[in-house]
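Chain by chain, the residues:
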Amino acid sequence: MTPAPAPAAVPAADAHNDLLMLVEHFRDDPGYFRRNWLPQLQAGQVRTQVLPVYVDEEFLPELALRQTLRLIETALATVGSCPELMLCRQPGEVEHALASDRIGIVLALEGCPAIGTDVQLLRTLFRLGVRVASLTHFGRNSLADGSAEDAAGSGLTRAGVADFTREIAEVLYGGGHVIEGCDMAAAVPGLAGPADLPNLAAELARRGFGPADVAAVMGGNLRRLLNEAIGAGLAASP
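Parameters and conventions
Residues numbered from 1 in each chain as written. Predicted model: local features only at pLDDT ≥ 70, side-chain atom pairs only at ≥ 80, totals over all residues. Heavy atoms only, no water. Patch = residues over 30% accessible without salt bridge, like charges linked within 9 Å, V, L, I, M, F, W, Y side chains within 5 Å. Areas by Shrake-Rupley, 256 points an atom, 1.4 Å probe, with all protein chains shown as cover. Salt bridge = Lys/Arg side-chain N within 4 Å of Asp/Glu carboxyl O. Helix = DSSP H or I, 4+ residues; strand = E, 2+ residues; numbered from the N terminus. Phe/Tyr/Trp six-rings, centres within 6.5 Å; stacked < 30°, edge-to-face > 60°. Buried < 20%, exposed > 50% of the residue type's maximum accessible area, 1.4 Å probe, protein only. Polar contact = N/O pair within 3.5 Å; in protein donor to acceptor, adjacent residues only side chain to side chain. Contact = heavy atoms within 4.5 Å. Expected span 1.5 Å × (residues − 1). Arc of directions from axis to C-beta. Lys, Arg positive; Asp, Glu negative; His and termini not counted. Core = buried A, V, L, I, M, F, W, Y, C linked by side-chain atoms within 4.5 Å. 1 Å grid on protein atoms, 1.4 Å probe; cavity = no way out; pocket = protein on both sides within 12 Å on 5 of 7 lines; lining within 4 Å. Points joined across faces, edges and corners; volume = space filled by probe spheres on them. Nonpolar A, V, L, I, M, F, W, Y, C, P; charged D, E, K, R; others polar. Pairing = 2+ DSSP bridges. Right-handed = clockwise from strand over helix to strand, strands pointing away.

Caption draft 1: The arrangement of a nonpolar patch on the surface in detail. There is a patch of nonpolar side chains on the surface, built from L65, L69 and L128 and spanning about 210 Å² of accessible area. Counting through the fold element by element, L69 comes out in helix α4 (residues 64-81).

Caption draft 2: Layout of the packing of aromatic side chains. For the coordinates displayed, the defined rule picks out 1 aromatic pair. Between F26 and Y32, the aromatic rings sit 4.6 Å apart at their centres with planes inclined by 25 degrees, giving stacked as the arrangement. A relative accessible area of 10% means that Y32 is categorised as buried.

Caption draft 3: Representation of the side chain of D14. Along the polypeptide, D14 turns up in strand β1 (residues 12-14). Engagement of the side chain of D14 in a polar contact is seen with the backbone nitrogen of H16, the distance being 3.0 Å. Sequence-distant contacts of D14, that is, excluding residues within four places in its chain, are made with V46, T48, Q49, V50 and L222.

Caption draft 4: Up close: α4. Its 18 residues place the ends of α4 26 Å apart at the C-alpha level, agreeing with the 26 Å of an ideal helix rising 1.5 Å per residue. For α4, the full list of buried residues reads A64, Q67, T68, L71, I72, T74, A75, T78 and V79. Along α4, the residues classed as buried sweep out an arc of 150 degrees about the axis, all on the same side. Those residues of α4 that are exposed and aimed more than 90 degrees away from the buried face are R66 and G80.

Caption draft 5: Representation of the side chain of R223. Among the structural elements, R223 can be located in helix α9 (residues 211-229). Buried within the structure, R223 lacks any salt-bridge partner; its nearest side chain of opposite charge belongs to E95, at an N-O separation of 4.1 Å. Within the local environment of R223, its side chain forms a polar contact with the backbone oxygen of P11, the two atoms lying 3.2 Å apart. In this view, R223 contacts P11, A12, A13, R47, T48, V94, E95 and L98; residues no more than four positions away in its chain are not counted.

Caption draft 6: Looking closely at the nonpolar core. By size, the foremost hydrophobic cluster in this structure holds 37 residues, and its most contacted members are L19, F33, L85, I105, L107, L109 and M218. Ignoring any residue separated from it by four or fewer positions in sequence, one finds L85 in contact with F33, L38, T78, V79, R102, I103 and I105. If you look at the next biggest cluster of nonpolar residues, it comprises 12 residues, including A13, A97, V132 and L222.

Caption draft 7: The arrangement of empty space enclosed by the protein in detail. Taken as a whole, this structure holds 2 cavities of 30 Å³ or more when the rule is applied. Taken as a whole, the largest cavity spans an internal volume of roughly 40 Å³. Around the largest cavity, the lining residues are L19, L20, V23, F33, L51, A75, T78, V79, L85 and I105. Considering only residue class, the lining of the largest cavity consists of 9 nonpolar, 1 polar and no charged. Roughly 30 Å³ of internal volume is contained in the second largest cavity. Contributing to the lining of the second largest cavity are V53, V55, T68, L109, G111, C112, P113, A114 and I115. Here the residues of the lining of the second largest cavity are counted per class, giving 7 nonpolar, 2 polar and no charged.

Caption draft 8: Local environment of the pairing of strand β4 (residues 103-110). Of all 8 residues that make up β4, 8 are buried, and the element is covered over most of its length. Residues I103, I105, L107 and L109 line one face of β4 and the alternating positions G104, V106, A108 and E110 line the opposite face, and both faces are buried. Note: strand β2 (residues 46-53) against β4, 6 bridges, orientation parallel. Pairing of P52 across the sheet is with A108, part of β4. Relative to β4, strand β3 (residues 85-87) runs parallel, the two being bridged by 3 bridges. Counted as the bridge partner of L85 is I103 from β4. In this fold, the crossover linking β3 to β4 by way of helix α5 (residues 93-99) has right-handed handedness.

Note that every value here comes from positions in space, so none of it alone points to a role or purpose.
Right under this line is the structure:
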């Protein structure tokens, strides 16, 4: 039996797009996001976009917090200048953005070099709008080891790791954050950017996924997670 085609417009939820770094890089061009990224997101039917804040090695360690704040300000300014976007900070706002035909923006931390050992700074970043956090990205910081440490067989050297981990968990889940996954190491053919996401929906349908399953994979599952987590605690990501 030939599977039914995917719906013409399946609202997508993208859990990871590093576009914020490019918007910050071109900060002297106020129209950069609207010209270069908004059309792609709209063409791909993206209705929920997680924006990770990633700090390049050149800023580590002393300037990590400054760069994190700079990127958060870039995100807030971009949302403020685009009525097509909506920053999601409260329960239900992800679905509200979808219902109002806007792109719901969820701020995330891709690694926590800005935190150092001051775990309470996670609360500060939560107040600024961050709702998702991965403790580390590839390398090591004061909160966690990344996969880059696997070959060396090393682990966290801080005394009282169990107590420290418990402290992190209490801040994350007591403040309204969510756990974010990692971006892929290799590009997927046919998915060069967000505008190509309908190709994924079409391929799922071709492989026999029904409309409800396609909608769930493309964004429904992630939106459900975000709606449950936002406002309940900072979401953590493996």
